[in-house]
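Here are the chains, one letter per residue:
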Amino acid sequence: MLSIKDLKASIEDGTQILKGINLEVKPGEVHAIMGPNGSGKSTLSKVIMGHPAYHVDGGSVELDGKNLLEMEISERANSGLFISTQYPTEIPGVNNVEFLKMALNSKRNYLGFPEIGDDEFKKLCEEKMELLEMDDRYRDRGVNEGYSGGEKKRNEILQMAILDPKVSFLDETDSGLDIDALRIVANGINHIMSPEKAVILVTHYQRLLDYIKPTYVHVLRHGKIILSGGPELALKLEEQGYDWIEEK
Amino acid sequence: MDSMNKVSLAQSRIQAIGMPRRNNELWTFFPVAKIPAASATNFATDSATASDAVSIPSTFEISAEKDFAALLPIAKNAHTMVRNIADGESEMALIKANNDFGHTVLNIGKNARVSLEILDNKVIHELAAERFDVCVDEGADVEIFFANPANELPLRFRHFRIVQAANSTVRFSSIERGNGISRVSIDDFLRGSGARFEMRTLNILNGDSSSHHRLTIYHEAPETTSVQFARNLLDGHANASYDGSVIVNPDCTKTYSSQLVNTILLSEDSSVSVKPVLKIYHDDVECTHGNTCGELDADQMFYLVSRGIPPESAKKMLIRSFAKELFYPLPDSPAKKRLLQVLE
């Protein structure tokens, strides 16, 4: 499904952030990426999506055999990649629902499907908003405009639910969420997840992984994945931190 | 003042101050060479016929006027239309000039509610100039707005002289999309306590078009408010300028004034000039000004395209949102409806 090989990327001043990432994600899997601040976790999602602030120095990223790095950003999204950043951008003046509909129709257009009708979209939107226990306030506001941190994260998962991506890369989706909101968002992700899809979660805490059971847990440090394991690894990290891990 | 007298006074005044030049602070950013001097100052035949006799507002002081664009319609013997709106009346009105030169006098009574849309005279000539004298009595609420279509009018001046009494509100909102050169000049006198003037103007320009705003807000009473908010979306070789002055007189305590100009340059060759001038003669006031200029927000662009929206569509969404956001704070009114409709 998603295959990342020896991915290296740097920022404008030449500082290399990713120093050779290798990650294989198969359908039905949930991968959790943990690691100290500044290790490159957020950069990884942005580089995969093609953020212009980063330069790919080497390596490859393939989704179902297609080279993502050769695609435009919108093409990567429409091919089935979704990223949720740590601090979702506010776009005042762009209505949230209109934006969602345009994004969905862009994907349908890319895949050769007709645009979704108003009634069908309304029904889809209502269904997903109900799943995430979101009220009508989200409809009329600008994208993420004036949302609290938790509301933004919930809105990100709404987008994920509507766009139905193959691989979702969720960067610290649990930050800013209270206990109830964490449960709702995690349930939403579990509901969206299926044997044909995959999720990569970036998190600092075990609490999200109590709700979303990871298949694999990886430790990213200094731009490289230095350790991989099962769900028990997250528990050990929660107890002992990162200092015990020896970098190769 | 009889009508012939005002025409000849205006002509004399133009001859005294001369044609606009770049070293005149009222015309610093305007491409003055584009003003067709011959047709602008040819008064011989124009003054041969008398205008309708009208009552000229007492605030209308031709001999002290410094702005060429304010004098031109009078000097050209423009037909003067007077509209009196009685105390407490509510009225929606359209104003459309039938000739190149127009003069409108509006006397708005106490506590009246007025929505005034100014329509373009679409007849194509070399130069058009309109003047509006607006007297707003106590407690009146007035909105003045226009959204010019992308017409081919080569050169257009619109001058507003607004005098506001206590607790009156004037909301001035406009969209400029013309292909020619336009200049809007406003002199607003906040003469009564609690008076409020609010301006929102949007320029959407491309090609070689240019749009220029010159405002002077006179805070002449305590507790008055003025808000100036301009946004520019400039493409091609388009040029916009904003020259906004705020004058706060002594003893005008609790004055609030803000001026903000946001510009997005969509091309390498587009440009904007902004000149805020604050003359404050009292301590207990809050006056701010700000100016931003840049390209479309890169993070917002990335966010939209990372959701699958093609870059061209994302760009259009951001441009539209930047434009519409300017008018969202307006109260629900014909102006808000019309201006947002134009931007759809």
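Conventions adopted
- Within each chain, residue numbers correspond to sequence positions counted from 1 in written order.
- Going through the entries in the order they are written, you letter the chains from A and number the ligands from 1.
- The predicted origin of the model limits local features to residues at a pLDDT of at least 70 and limits the giving and counting of side-chain atom pairs to 80 or more, whereas totals for whole chains, interfaces and linings rest on all residues.
- The basis for every side-chain value is the complete set of heavy atoms in the structure, and neither hydrogens nor water enter the calculation.
- Two residues qualify as a contact provided that any one of their heavy atoms is within 4.5 Å of a heavy atom in the partner residue.
- Buried area, as used here, totals the accessible surface that two parts lose on assembly, with accessibility defined by a 1.4 Å probe and the loss added over both.
- Should a side-chain nitrogen of Lys or Arg be within 4 Å of a carboxyl oxygen of Asp or Glu, the pair is scored as a salt bridge.
- Identification of polar contacts relies on pairs of N or O atoms within 3.5 Å, with a donor-acceptor requirement for protein atoms, meaning one able to donate a hydrogen and the other able to accept it, and with residues adjacent in sequence counted only if both atoms are side-chain atoms.
- Going along the chain from the N terminus, every DSSP run of H or I of four or more residues is numbered as a helix, and every run of E of two or more is numbered as a strand.
- Under the scheme applied, nonpolar residues are Ala, Val, Leu, Ile, Met, Phe, Trp, Tyr, Cys and Pro; charged residues are Asp, Glu, Lys and Arg; polar residues are all the others, including Gly.
- Type-normalised accessible area, obtained with a 1.4 Å probe on protein chains alone, sets the label of each residue: buried when under 20%, exposed when over 50%, and partly exposed for intermediate values.
- The criterion for strand pairing is that DSSP finds at least two bridges linking the strands in question.
- On a range of 0 to 100, pLDDT expresses the predictor's confidence in each residue.
- Helix axes are fitted only over the stretch in contact, all axes being lines through C-alpha atoms; the angle between N-to-C directions runs from 0 to 180 degrees.

Here we take up the interface of chain B and chain A. Every contact between the two is made by 18 residues of chain B and, on the other side, 27 residues of chain A. In this assembly, chain B packs against chain A so that about 1,900 Å² is buried in total across both faces, 68% of it on carbon and sulfur atoms. When residues of chain B are sorted by the area they lose upon contact with chain A, Phe 302, Tyr 303 and Arg 307 of chain B head the list and together hold 39% of the total. Linking chain B with chain A are one salt bridge, by the criterion used here. Residues Arg 307 of chain B and Glu 156 of chain A are paired through a salt bridge, measuring 3.0 Å at the closest nitrogen-oxygen approach. Applying the counting criterion to the chain B and chain A interface returns eight residue pairs in polar contact (both at pLDDT 80 or more). Among the elements of the structure, α4 (298-305) and α5 (311-325) of chain B are those that each provide at least two residues to the side of chain B that touches chain A. Residues of the side of chain B that touches chain A, tallied by class, amount to 10 nonpolar, five polar and three charged.

This part covers the pairing of strand β3 (residues 30-34) of chain A. Each regular strand shows side chains that alternate between the opposite faces of the sheet. Residues and elements named next belong to chain A. Judged by how many residues are buried, β3 sits mostly within the fold: five of five residues are covered. Looking at chain direction, β3 and strand β10 (residues 198-202) are connected through four bridges and run parallel. Looking at the pairing, Val 30 lines up with Val 199 of β10. Of the pairings in the sheet, the one linking β3 to strand β11 (residues 216-221) comprises four bridges and is parallel in character. The residue bridging Ala 32 from the neighbouring strand is Val 217, located in β11.

Before going further, it helps to spend a moment on the confidence of the model for chain B. Overall, the prediction assigns chain B a mean pLDDT of 90, with 92% of residues at 70 or greater. Note on the complex model: pTM 0.84, ipTM 0.94.

In this section: the sheet that holds strand β4 (residues 113-119) of chain B. All names here are of chain B. Taking strand neighbours across the sheet as the criterion, the eight strands line up as β2-β4-β6-β8-β10-β12-β14-β16 in an open arrangement whose pairing is parallel. Looking at which strands have only one partner, the edges of the open sheet turn out to be β2 (90-96) and β16 (285-294). Sheet twist, expressed as the average angle between the axes of neighbouring strands with direction ignored, equals 5°. Pairing geometry for strand β10 (residues 196-205) and strand β12 (residues 225-234), over 10 bridges, is parallel. Within β12, the residue paired with Leu 205 across the bridge is Leu 234. Of the strands in this sheet, β10, β12 and β14 (255-265) touch α5, which is tilted by about 160° from β12. Against the sheet, helix α6 (residues 334-342) makes contact with β2, β4, β6 (141-147) and β8 (169-176), and its axis sits at roughly 20° relative to β6, the strand it touches most.

On inspection of all chains with the given rule, the structure shows 27 salt bridges over all chains. The shortest N-O distance in the salt bridge between Arg 141 of chain A and Glu 151 of chain A comes to 3.8 Å. Linking Arg 141 of chain A in the loop between α5 (137-140) and β8 (142-143) with Glu 151 of chain A in helix α6 (residues 149-163), this pair joins segments that are 10 residues apart in sequence. The buried category is assigned to Glu 151 of chain A, whose relative accessible area is 14%. Taking the shortest distance from any N to any O, the salt bridge between Glu 198 of chain B and Arg 200 of chain B comes out at 3.1 Å. For the pair Glu 198 of chain B and Arg 200 of chain B, a shared accessibility class is recorded, and that class is buried. Residues joined by salt bridges that share partners form a network here, namely Asp 67, Arg 183, Asp 187 and Arg 214 of chain B.

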